Amino acid sequence: MSVIIAPSLLSADFLNLDRDVKMLNSSEADWLHLDVMDGLFVPNISFGFAVIEKIATTTIKPLDVHLMIVDPDRYIMRFRQAGASLISVHYEACNHLNRTIHAIKNLGAEAGVALNPHTPVSVLSEIIGDVDFVLLMSVNPGFGGQKFIPGTYRKIRDLRELIKKSESSARIEVDGGVDSYNAAALISSGADILVAGNAIFSSPDPVEAIRKLKYSNKY
Ligand code: DX5
Ligand code: ZN
């Protein structure tokens, strides 16, 4: 199966979101990645329900909502109602992760757990059988356009090992600093899903940049 590409709208032109979402409709992007930030869990504030609801009316792709917020349980239902098909919460932001993951699944969405760069994959041993995907942050969350942290390659391999050992079907998503230079190595390390913001939206031809990421291990 080929890698899933999830462009991050954080790097889109917010004054021309309609244009950018339509551009993504015409591309080989598989999902749209939407970064929700609360100014508490991360030192930045992005967008919320109103914007996601509007994007949902225009996109033909599933919405992958990455919650970088404290106490995400309070808002899971609202994000599902806004149109999220996949919802990830941070391990570092959840006191009762098992409950949160099952709350997402009970709403009919795919449930993911996200890990900050400093959090080892070993903390997932008791939850890996319950999650649909794991989002490995390959930059410190909060901003687009940051430099990829190379230790991520080893985390992908460790996670692949844990998934295999636990007979889990969880997929591995990598988020932060992904570009056409590291995409092939990320895929061969075991990544199933690549999020990319800056690498796509700062390109003069975003549709071609998406295609390049999608087939980067085939060149
Ligand atoms: C960062 C976000 C990422 C970000 C990725 O906190 O989770 O999804 O938008 O952007 P790039 O690809 O520019 O690093
Ligand atoms: Zn993200």
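Residues numbered from 1 in each chain as written. Chains lettered and ligands numbered in written order. Predicted model: local features only at pLDDT ≥ 70, side-chain atom pairs only at ≥ 80, totals over all residues. Heavy atoms only, no water.

A. Just the coordination of the zinc ion (ligand 2), in detail. At 2.0 to 2.3 Å from the zinc ion (ligand 2) lie its protein donor atoms, namely His-33 (NE2), Asp-35 (OD), His-66 (ND1) and Asp-175 (OD). Every donor counted, the 6 donor atoms about the zinc ion (ligand 2) form angles of 70 to 170 degrees at the centre, which fits octahedral coordination. Counting the intervening residues between successive donors of the zinc ion (ligand 2) yields the motif H-x1-D-x30-H-x108-D. Of this pair, His-33 sits in strand β2 (residues 32–37) while Asp-175 sits in strand β7 (residues 171–175), and the two are 142 residues apart along the sequence. (Donors = N, O, S within 2.8 Å, 3.2 Å for Na, K, Ca; no water. Tetrahedral: all angles 85-135°; square planar, octahedral: opposite > 155°, others 65-115°. Helix = DSSP H or I, 4+ residues; strand = E, 2+ residues; numbered from the N terminus.)

B. Quick look at the layout of surface pockets. As a volume, the largest pocket reaches approximately 290 Å³. Considering the residues around the largest pocket, the lining is formed by 25 residues, among which Gly-144, Gly-145, Gly-176, Gly-177 and Gly-197 are closest to the centre. Residues that form the lining of the largest pocket fall into these classes: 11 nonpolar, 11 polar and 3 charged. (1 Å grid on protein atoms, 1.4 Å probe; cavity = no way out; pocket = protein on both sides within 12 Å on 5 of 7 lines; lining within 4 Å. Points joined across faces, edges and corners; volume = space filled by probe spheres on them. Nonpolar A, V, L, I, M, F, W, Y, C, P; charged D, E, K, R; others polar.)

C. Broad picture of the site of ligand 1. Residues in contact with ligand 1 amount to 20 residues; listed here are only the nearest, Gly-142, Gly-145, Asp-175, Gly-177 and Gly-197. Here Gly-177 contributes a backbone N or O atom positioned 2.8 Å from an oxygen atom of ligand 1. Burial of ligand 1 by the protein chains amounts to 99% of its free accessible area of 380 Å². More than half of the atoms of ligand 1 fall within 2 Å of the grid points belonging to the largest pocket. (Near = heavy atom within 4 Å. Polar contact = N/O pair within 3.5 Å; in protein donor to acceptor, adjacent residues only side chain to side chain. Areas by Shrake-Rupley, 256 points an atom, 1.4 Å probe, with all protein chains shown as cover. Sits in = over half its atoms within 2 Å of the grid points.)

D. Local environment of the packing of aromatic side chains. Tallied over the entire structure, the rule returns 5 aromatic pairs. On the basis of an interplanar angle of 55 degrees and a centroid distance of 5.3 Å, the ring pair of Phe-148 and Tyr-153 is categorised as tilted. Residue Phe-148 is classed as buried on the basis of its relative accessible area of 11%. Taken together, the ring pairs connect Phe-49, Tyr-75 and Phe-79 into an aromatic cluster. Across the ring face of Phe-49, the terminal group of Arg-78 is positioned such that the distance to the ring centre comes to 4.0 Å. (Phe/Tyr/Trp six-rings, centres within 6.5 Å; stacked < 30°, edge-to-face > 60°. Buried < 20%, exposed > 50% of the residue type's maximum accessible area, 1.4 Å probe, protein only. Lys NZ or Arg CZ within 6 Å of the ring centre and 35° of its normal.)

E. Highlighting the pattern of salt bridges. Going through the model one piece at a time under the given rule, you end up with 9 salt bridges. Linking Lys-22 and Asp-18 is a salt bridge whose minimum nitrogen-to-oxygen distance equals 2.9 Å. Of this pair, Lys-22 and Asp-18 are both found in helix α1 (residues 17–25), 4 residues apart, which corresponds to roughly one turn of the helix. Given a relative accessible area of 46%, Lys-22 falls into the partly exposed group. Since its relative accessible area comes to 41%, Asp-18 is described here as partly exposed. Overlapping salt bridges bring together Asp-13, Arg-19 and Asp-20 as one network. (Salt bridge = Lys/Arg side-chain N within 4 Å of Asp/Glu carboxyl O.)

F. Examining unusual backbone geometry more closely. If you check the backbone angles, Asp-71 has positive phi at about 50 degrees while not being a glycine. Secondary-structure assignment places Asp-71 in the loop between β3 (63–68) and α3 (76–82). With relative accessibility at 36%, the residue Asp-71 sits in the partly exposed group. Its identity as a non-glycine residue notwithstanding, Glu-167 has a phi of 55 degrees, on the positive side. Mapped onto the elements of the fold, Glu-167 is located in the loop between α5 (152–165) and β7.

Nothing here speaks to function; it is geometry throughout.
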